Structure formats: structure tokens, C-alpha cells
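Here is what each chain is made of, one letter per residue.
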Amino acid sequence: MTGVAGSPSGVVAPRVALIGANGHGRWHRRVIAGLHATGRVRLVALVDLHPVEDEPEAPVPADALVGTDHRAMLAQARPDVVVLCTPPHTHLPIALDVLAAGADLLMEKPPVLSMAEHDTLAGALAATGRACQVGFQALGSAALAELAQAVAAGRLGTVTGIATVASWQRSDGYYARSPWAGRRSLDGRPVLDGALVNPLAHAVMQSLAVAEVAAGAPVAPARIELERYRVRPIEVDDTAALRVVPTAGPPIVVAVTLAGEDFVPGEVIVTGTAGRAVLEYPTDRLLLPGDAEPRTVAGRRGLLENLLDHRADPRVPLIAPLARTAPFTAVLEVVAGAPEPTRIDPELLVGTGDGADRVLTIRGVNAALRACAGGGRLLSELAVPWAVAPHVVDLDARRGAARDG
């Protein structure tokens, strides 16, 4: 291998490949292109089952391999780092191939679809000595870091609750974007393309990250209570309320929808005995006790750059290592095992737009979600006419039964 033009003299730039070059993969291509242009990496391959779409901001180097077979690419291009951006049900087998080929990995969220898969991947990482970063890019936020510091320093007192609320809209066309859109499973494999697991997964992960700081230890869910709803004939949730009760630390409530009224980008609300903090995580706006109004905390560390820094110096910690995402996968596993989401009566909905642009809104949903987040309650514990009893999983009891067995 030789260095890339523009790289420091004598320094060999890591060889980077992207598996899943279309769709969201185009975002990764733009990130890689910027690093390639400065000589930080060398883009050696793009892989996708379909013809690679044009991306003007990320031209494909003339010598880069473009193909459809990731195994052939791994053997031929010999990447040092692989970015994996394929449907979630394909993550584990491809990741195992990548690690076996000797490459480090940046994989999109959700990393895997069960704790058994998590354990398999963790075992492969330990056996190969490779590194794995998970694409929860909001964890690289300087605003989250400042919130975590405030919690750790006791500015909020003892944290008594963590909640997140988000209200988005998705059109009919959103659910026609791919064969796995809105699906619970595809070809016998779980997909779980619901609000909690895909578009609003960052809301869940941000809350778990804050809870880890508040508890002073990784979150170990003891009990998970889940309500899932849908406004269309899809197989997954577009509206959900979730409560995670950890073995230690404050409870976490998540109240989100893709059928919202007024847009709420996503707020993590931390309540303590000495104050309250609010992080609008998509915009990095933060309100801490004593602040007159929210302020933007600039700065996000890119996950690929952080992985490259970790490769160069293992003392640099990964922002989103696989182990940090274990509580998220525990939640996901409960989602996977839950009954089908409850269909909301069309009489309670408002439709706007036509064709693929049609949007459905649940009347009063924003106020209901705000009440959940503000009081640490589920929709079924409020006067919400369409709410039903939660699906409850006692993970402590399950662990005890496994030990006794």
C-alpha cells in the first residue's frame, strides 16, 4: 500500500470500504469523500446490490472497486475499515465477514436485532481484536457531553427521571421507500422498521446514555413496559410509549410519534431534585439549571474520524462501542417480541395531502406525549381514548430463571 496524495509524508492512509452505498449510504459516501480529499483515508471500494447511484459531492475514485459482492470486495480490496449501511437484518452476517477479513467496523444502527446476536458479535470482536463503532452519531454531541458533565457534577441533584419526546411526520411515500419499510420481518428475518428502532432510535439511545451517567454504571433494564400504535396498515409502530426501569438509577420514559401535530425535533428531559435540564438532541440546543434560555452547544465528533483516531491510538475511546449499545438492543428485543401495534381508529386521525405525500396526524397526540414525558407515565396511564395496556417484560425475573435453570 502507498500513501494518499495530500497525506503526511510516509503515512499510509487507512483503506476504507462502504457496504451499502445507496440510500443512507450516500451520506456516508460524503463523509468518506471529505476524509479522502484530505488524505485521512483512501476510499477503495463501494458495494451495493443495486447500481451505485451518482453522488456529486462524493465522486468515486477511478481506482476504487465497485461491486455487488461484499465477500469478493473484502478479498480483493483488503480494506482496513468498513462502513456497513445495509438493512438491519443483514448486519450480523456481513459484520462477521468484515471482522474475519481483519477490518475494523463502523455499522449503522441498530447494530443487531437481539441480545443473542449482540453476544455473537461481541464474541467475534474479542476473538479478532477488531474495533466496532455503532452509528449513533448523536452520541458525539458536545451538548450531550456537557449535559453528562452537569449530571455527574450534581447540578441537577439526584436524577429522579429521564424522558424523551419527539413528534415527527412521515408520509405514505415513506413506507414505500423500500421492500422492508414498515415491515416487522422480511424473508423470515426480523426488520422492525418502527419509530422506536429506526427514525427515533437516537431518542432512545440518548436517554440511555444520560441514564448511564446518572447511575454511574451501564444501564441494566430490569423491567420494560411498551405501548405501540400505528395509523396505517403497517406491521410496526409509528407511535409509541416506552418505560425502562433499570436495576439501578432513574426510570426512562420515551414518548414518540411519526404522526404528530406540531413538530418536536426530539428532547431529552432530565429531572432532578435540584433542577431540570432539556437537550434538543438533533439541534444540540441545551438548557441547564440557571440558564435563561436554551443555547446551542456547537461541536460534534464524527464517528468515522473517532474510529480512525482509536485505530491510531487505542487510548482514544470509541464514542459508540458495541458494548455501550447493549441496553438499546435489550429494548429492541422487547419490541421484537411484542404484539402487533394497535391500529388507531381512523376517526381520530386527520389526513392532509394526496398520493405519496399524504400525511396522517393523531388528534391531540402532542399534548399526550408531552404529558407522558412530563410525568414519567405511559399513554395508557393518561386519559387517552386510543391507548391500551402495555406489553410488560420482567427482565430481572427472566435472568433469574436463566440462572436457576
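What counts, and at which threshold
Residues numbered from 1 in each chain as written. Predicted model: local features only at pLDDT ≥ 70, side-chain atom pairs only at ≥ 80, totals over all residues. Heavy atoms only, no water. Phe/Tyr/Trp six-rings, centres within 6.5 Å; stacked < 30°, edge-to-face > 60°. Buried < 20%, exposed > 50% of the residue type's maximum accessible area, 1.4 Å probe, protein only. Helix = DSSP H or I, 4+ residues; strand = E, 2+ residues; numbered from the N terminus. Pairing = 2+ DSSP bridges. Axes fitted to C-alpha atoms, helices over the stretch in contact; angles between N-to-C directions. Core = buried A, V, L, I, M, F, W, Y, C linked by side-chain atoms within 4.5 Å. Contact = heavy atoms within 4.5 Å. Salt bridge = Lys/Arg side-chain N within 4 Å of Asp/Glu carboxyl O. Right-handed = clockwise from strand over helix to strand, strands pointing away. Parallel < 35°, antiparallel > 145°, perpendicular 65-115°, else oblique. Nonpolar A, V, L, I, M, F, W, Y, C, P; charged D, E, K, R; others polar.

A. Examining the packing of aromatic side chains more closely. This model, assessed by the stated rule, comprises three aromatic pairs. Measuring from centroid to centroid gives 5.0 Å for Y174 and Y175, while their planes differ by 90 degrees, and the two rings are edge-to-face. On the basis of relative accessibility, which here comes to 12%, the residue Y175 falls in the buried class. With centroids separated by 5.0 Å and ring planes inclined at 85 degrees, the aromatic side chains of Y229 and W386 adopt a geometry described as edge-to-face. Taken together, the residues span a long stretch of sequence, with Y229 in strand β10 (residues 221-230) and W386 in the loop between α9 (365-375) and β20 (391-394) at a distance of 157 residues. Summarising the burial analysis for this pair, Y229 and W386 share the class buried.

B. How the structure looks around the sheet that holds strand β3 (residues 65-67). If you walk across this open sheet you meet the six strands as β3-β2-β1-β4-β5-β6, and the pairing is parallel. Sheet topology places β3 and β6 (132-134) at the edges, where each strand pairs with a single neighbour. Averaged over all pairs of adjacent strands, the angle between strand axes in this sheet comes to 15 degrees, irrespective of strand direction. Pairing of strand β2 (residues 42-47) with β3 involves three bridges; the strand directions are parallel.

C. View of the nonpolar core. Residues L105, L147 and V270 are the most contacted members of the largest nonpolar core, which totals 102 residues. In terms of residues, this core owes the most to one element, helix α6 (residues 201-215), which gives eight residues. Non-local contacts of V270, meaning those with residues more than four positions away in its chain, are made with L147, V151, L156, V159, G161, I162, V210, G275, R276 and A277. In this structure, V231, A373, L382 and V384 belong to the second largest nonpolar core, which totals 26 residues.

D. Main features of the side chain of H28. For H28, the location among the structural elements is in helix α1 (residues 25-37). A relative accessible area of 6% means that H28 is categorised as buried.

E. Quick look at the pattern of salt bridges. Taken as a whole, this structure holds 24 salt bridges when the rule is applied. For D104, the salt bridge is made with R311, and the minimal N-O distance between the two is 2.6 Å. Highlighted residues: D104 in strand β5 (residues 104-107) and R311 in helix α7 (residues 303-312), separated in sequence by 207 residues. Relative accessible area serves as the criterion here: at 3%, D104 is assigned to the buried category. When its relative accessible area of 30% is taken as the criterion, R311 is described as partly exposed. As a salt-bridge pair, R285 and E280 come within 3.7 Å of each other at their nearest N and O atoms. With relative accessibility at 32%, the residue R285 sits in the partly exposed group. One network of salt bridges, with partners in common, ties together R26, R30, E53 and E55.

F. Representation of the pairing of β5 in the model. Across the two faces of β5 the burial is the same, with D104 and L106 and L105 and M107 all buried. Alignment of strand β4 (residues 81-84) against β5, held across four bridges, turns out to be parallel. Residue pairing across strands places V83 opposite L106, the latter belonging to β5. Crossover connection from β4 via helix α3 (residues 91-100) to parallel β5: handedness right-handed. Judged from the three bridges that link them, β5 and β6 form a sheet pairing that is parallel. Across the sheet, the residue bridging to L105 is C132, located in β6. Handedness of the β5-helix α4 (residues 115-128)-β6 crossover: right-handed.

G. Spatial organisation of the packing of α1 against α7. Relative orientation of the contacting elements α1 and α7 amounts to 50 degrees, with a least axis distance of 10 Å. Between α1 and α7, the angle is such that the two are oblique. Residues V31, I32 and L35 of α1 lie in contact with α7, whose contacting residues are L304, E305 and L308. Taken together, the residues of the contact of α1 with α7 sort by class into five nonpolar, no polar and one charged.

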